Amino acid sequence: MSVKAFELVPAVEREQVMGDKVRINIECIECCGKHLYLGTNDCFIHHFLLEEHTTAKGMPAYNAQKLLHKFLGLKKPVLELKAASALERLIVLCDSTITVVDMVTLEPVPTGGNKLKGVTAFCINENPVTGDPFCVEIAVVSARKRAVQICLVYEDRLQVLKEVATPEQPCALSLDGYFICLALSTQYMILNYSTAASQDLFPYDCEERKPIVKRIGREEFLLAAPGGLGMFANAEGISQRAPVSWSENVIAASVCFPYVVALDEGFVTVHSMLDQQLKQTLPFRDGHLLQDFEGKMVLASTKAVYILVPLPLDRQIQDLLVSHRVEEALTLTEAAQRNIPKEKYQILYKRILQQAGFIQFGQLKFLEAKEHFRKGQLDVRELISLYPLLLPASSTFTRSHPPLHEFADLNHLTQGDKEKVQRFKRFLISYLHEVRSVESANGFREDVDTALLKLYAETGHDSLLDLLASDNACLLTDCAPWLEKHLKYFALGLLYHYNGQDSAALQMWVKIVKGDLQDSTRPDLFEYVVDFLSFCSNLDLVWRHADWALQRDQKIGVQIFTKRPDSEGKRGHLNPDDVIGYLQKHNKALVLYLEHLVLEKRLKKEKYHTHLAVLYADRVLGLISRPTVTEEQLSAARQKLQHLLKESSLYRVQLLLNKLQDCELLLPERATLHGKLEEHDKALHILVHQLKDSPAAEEYCSWASVNQDQAYRQNLFHQLLSVYLDPDVPGGPQTIAAVDLLNRHANVFDAVRVLDLLPEEWSLPLLRPFLCGALRSSVHAGCTSRVAVGLARAENLQLKHDRLKYRGGPILVSEKKGCKLCHNTFSEPDCACLPGGTPVHIHCVTKKALVIPVERQQENAHHSNHT
């Protein structure tokens, strides 16, 4: 793949070198700054001044002004010229002899009597090791020796520093630091002249073809290898770059990074060091010399001199991008990093990445484009601007200049292909979704989020609601008309809500629920509106829409109040009394709300419990009076009432009892109410004699004695037994029920009281379960009591033991011992002890008001020989 990397520009015309002399040829060249030196075959040195300028078309050009020419007095050609600018000297190889001339006057300079003769080639060390700025290191090849001499050239003398033997006669060489790269007769080698260590590289026949040894960087050389290859080798003899395939007839080569320039008989070829591909070919007849001087590539035929001017890298890169050669452009850009200041390179590299991204974007290579946009830190608005109408009307964005791409907009890209349009939109959705979380998008979140919302709405994307429900910067003025256009009314409501316009949001949603607007985004929109109102802190909105919700569905609508979070003392708190008053015209909702207060929140307020119980009772009484009521309806209503009557202790019992007094169907409920009033006899009478429901009576006793002591529970069951055995009621005593009660609850009853109540004619086998249970309970109680007594005695014994242990041994008190507090002797045995067992008077402790723990006090006098 070709690229224009260099421009061939004339520098010194033929007439300026030879005039009218036909046989004059250029043999060597040297350039130092603006000064160009030519050595010719007639033993002349020509000195030119090169002035660079730019033509009207922006092309580089050179004017060569001849300053001087000097004849060296020999009839041999000048084979080599090397400038030593620090010394203002030219080192000349002519007639196998090295001489030194002044760079300005071209006059020979004395070298202290030392002359290097029999020289076939020499080179300058561009990476000197001496550290002396006023001398130049050179390596010299002698025709008489198989050796290389290391010499130092001073302003007025020439000194041989070292001589290093070589296995064969060198033909060409190049020097870097201590390393000499040599072309011998049959091979190339690397030689360290400091240590004499050497490394063979590869074979090469110097007689068959002229060798090329070119230093291209620190400890790295370019060599002409067999098979038309340009090989790279470092000081260790290793090739760290892939070889370049050039012509078999290359006569000179050089490097202008990242290119290798080679000269053969008819062309100048340019290869990339990055991918080893041929990038440019320039026709050039009679090519003779090719050298680079401080980045300036000088090319010479036998008659004239030319400059190979490298085109700016950014221009080369742009040419590659124009040809859509993205990877080559990026590779070249990365390679250019070494030659460009860091800040400038970063700007260039990011722009190239962005351009590459747009090229691949246009080719539908979205993954690659996204990666280049990300690395190049693309202003995402550059991409959004390609999509008509996505940027907000208020956006001040203008596209980059010069432009990053050649596209007008998406229509230009797709040429009406609807499938392509959708693919481009899907890519932008994906890219914007990723970009939202990146800090670089924070400066223009409004543009990004607005564009994303428009794309979601236009394509019917599922993430539209997620965007609006999360933190976003969508512009209301731009997005509202767009959502209306695409019939996204529910989403529009969310947008209003996010922008603090809850009233507008609710109006929109209510219209959808009523059917005035068509939007099937949420089939459960009514439930959503109710849930929204339950969390709404604006009470005006709540009251304004509550009636509509309750009229539509009381069971769901009341959730506006029942789902409302507890926020007493905060904005948005609703007083339950206000809600109850509001719900008076919505009976079903009122019941549900009171159930919420009483059964779920468990508020301990009598009026709420009484109100709910009254509503339950009214519901039951209403169903009883309705002829079409079903058994299931009545049973469900009574279960609610019975559950509340049993579980709650806060309602007004007498009020409900009066309400249910005349309804014979509600005897169980009345029995429960009598129980709440501690009128157990009445309750049991209803259950046993009116309802004749023994299991219900037993269950009543168990319920009424919950959370009561054993005596209360026992007394309640004895009352039930008495009711069963009452002979004065119609039907007489209920013997079977009484026996069943005794046998089932033997552990509850006092056996002695029961035996006193039972008729004498009852047989013992009939009461066997009861008697066995009573006996077992009695024995168990006796055993339990004995165990408790035993445990108490053991604990008492342990306490006595501990007390004795703490009492310790006797304290000896005598008339001869004195009190430590008053220093008087003891006259009686009563004393107190200080810690450590020291006796003191009790009255001394009292007088001094010392807080001293009395460890031991003598209560009884101990008589001995000392007391």
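Residue numbering note: each chain is counted from 1, following its sequence as written. Only residues with pLDDT of at least 70 are given local features in this predicted model, and only at 80 or more are side-chain atom pairs given and counted; all residues enter the totals for whole chains, interfaces and linings. Each side-chain value is worked out from all heavy atoms of the structure, with water and hydrogens disregarded.

Some remarks on the overall build of the chain
Scanning the chain from N- to C-terminus turns up 30 helices and 30 strands. Over its C-alpha atoms the chain spans a radius of gyration of 57 Å, topping by over 25% the 29 Å that the globule rule assigns to 867 residues. Expressed as lengths along the three principal axes of its C-alpha atoms, the size of the chain is roughly 165 × 110 × 60 Å. The burial tally for the chain puts 47% of its 867 residues in the buried class. Here a residue-residue contact requires only that any non-hydrogen atoms of the pair lie within 4.5 Å. Intrachain contacts of the chain at a sequence separation of at least 6 include 49% that bridge at least 24 residues. Of the roughly 45,500 Å² of accessible surface on the chain, a fraction of 51% belongs to carbon and sulfur atoms. A residue counts as positive if it is Lys or Arg and as negative if it is Asp or Glu; His and the chain ends are not included. Charged side chains are reduced to one point each, which is NZ for Lys, CZ for Arg, CG for Asp and CD for Glu. Both charge centroids of the chain, one from 97 positive and one from 105 negative side chains, sit 2 Å from each other. Runs of H or I in DSSP of at least four residues are treated as helices and runs of E of at least two as strands, each being numbered from the N terminus. For a compact globule the rule gives 2.2 Å times the number of residues to the power 0.38, and the radius of gyration it is set against comes from C-alpha atoms. In this scheme, a residue with accessible area under 20% of its type's maximum is buried, one over 50% is exposed, and one in between is partly exposed, where area comes from a 1.4 Å probe on protein chains only. Exposure was quantified through the Shrake-Rupley algorithm and a 1.4 Å probe, taking into account, for residues, occlusion by the shown protein chains and nothing else.

A closer look at the packing of helix α4 (residues 342-362) against helix α5 (residues 366-375)
Describing two packed helices takes the angle between their axes plus the distance from one axis to the other. Close contact between α4 and α5 brings their axes to 8 Å; oriented N to C, the two are set at 160°. One finds that α4 runs roughly antiparallel with respect to α5. Classified by chirality, the crossing of α5 by α4 is left-handed. In this structure, α4 contributes Leu353, Gln354, Ala356, Gly357, Phe358, Gln360 and Phe361 to the contact, and α5 contributes Phe366, Glu368, Ala369, His372, Phe373 and Lys375. Between the N-to-C directions of two axes lies an angle of 0 to 180 degrees, each axis being a line fitted to C-alpha atoms and, for a helix, fitted only over the stretch in contact. Orientation categories follow fixed angle ranges, with anything under 35 degrees roughly parallel, anything over 145 roughly antiparallel, 65 to 115 roughly perpendicular, and all other angles oblique. For a crossing to be left-handed, the near helix must be turned anticlockwise from the far one by less than a right angle; the clockwise case is right-handed.

Side note on the sheet that holds strand β19 (residues 220-225)
One open sheet holds the four strands; their spatial order is β18-β19-β20-β21, and the pairing between them is antiparallel. The outermost strands of the open sheet, each flanked by one partner alone, are β18 (213-217) and β21 (244-245). Strand pairing is defined by DSSP finding a minimum of two bridges between the two strands. With two bridges joining them, strand β20 (residues 229-234) and β21 adopt antiparallel strand pairing. In the sheet register, Gly230 faces β21, and the bridge partner there is Val244.

Overview of the pattern of salt bridges
The term salt bridge refers to a pairing of a side-chain nitrogen on Lys or Arg with a carboxyl oxygen on Asp or Glu at a separation within 4 Å. Inspection of the entire model under this criterion finds 36 salt bridges. Between Glu155 and Arg89 there is a salt bridge whose closest N-O contact spans 3.6 Å. With Glu155 in the loop between β12 (147-153) and β13 (158-165) and Arg89 in strand β7 (residues 89-94), the pair connects residues that are 66 residues apart, well separated along the chain. Note that Asp379 and Arg381 form a salt bridge whose closest N and O atoms lie 2.9 Å from each other. Take Arg381: its relative accessible area is 17%, and that puts it in the buried class. Within this structure, Asp275, Lys279, Arg325 and Glu328 form a network of salt bridges that share partners.

Here we look at unusual backbone geometry
That bond from Phe257 to Pro258 is cis: its omega, 5°, falls within 30 degrees of zero. Mapped onto the elements, Pro258 comes out in the loop between β22 (252-256) and β23 (259-263). Looking along the chain, the bond that leaves His401 and enters Pro402 is cis, with omega of 0°. Mapped onto the elements, Pro402 comes out in the loop between α6 (380-384) and α7 (410-414). One non-glycine residue, Leu106, lies in positive phi territory at about 65°. As for its placement among the helices and strands, Leu106 is situated in the loop between β8 (97-102) and β9 (116-117). With relative accessibility at 0%, the residue Leu106 sits in the buried group. Despite not being glycine, Arg602 has its phi angle at roughly 55°, a positive value. Inspection of the secondary structure puts Arg602 in the loop between α19 (587-600) and α20 (606-625).

Thoughts on the side chain of Asn192
Along the chain, Asn192 falls in strand β16 (residues 187-192). Residue Asn192 is classed as buried on the basis of its relative accessible area of 12%. Not counting residues within four places of it along the chain, the set of residues in contact with Asn192 comprises Tyr178, Phe179 and Ala197.

Some remarks on helix α21 (residues 631-647)
How far a helix is expected to stretch is found by multiplying one less than its residue total by 1.5 Å. A rise of 1.5 Å per residue sets the reference length of α21, with its 17 residues, at 24 Å; its end C-alpha atoms lie 24 Å apart and thus fit the reference within 8%. Along α21, the residues that are buried comprise Leu634, Ala637, Arg638, Leu641, Leu644 and Leu645. Axial view of α21: buried residues confined to an arc of 125°, hence all on one face. Exposed residues lying more than 90 degrees from the buried face of α21 are Glu631, Glu632, Gln639 and Glu647. Directions drawn from the helix axis to the C-beta atoms are what define this arc.

Details of the sheet that holds strand β11 (residues 136-142)
A sheet is described by the order of its strands in space; here four strands give the open sequence β10-β11-β12-β13, paired in antiparallel fashion. With partners counted over all chains shown, the strands left at the sheet margins are β10 (119-124) and β13, one partner each. The average angle at which neighbouring strand axes cross in this sheet is 25°, direction not considered. Bridging between β10 and β11 involves five bridges; their strand directions are antiparallel. Residue pairing in the sheet places Phe122 in a bridge with Val140 of β11.

Shape descriptors only; they carry no functional weight alone.
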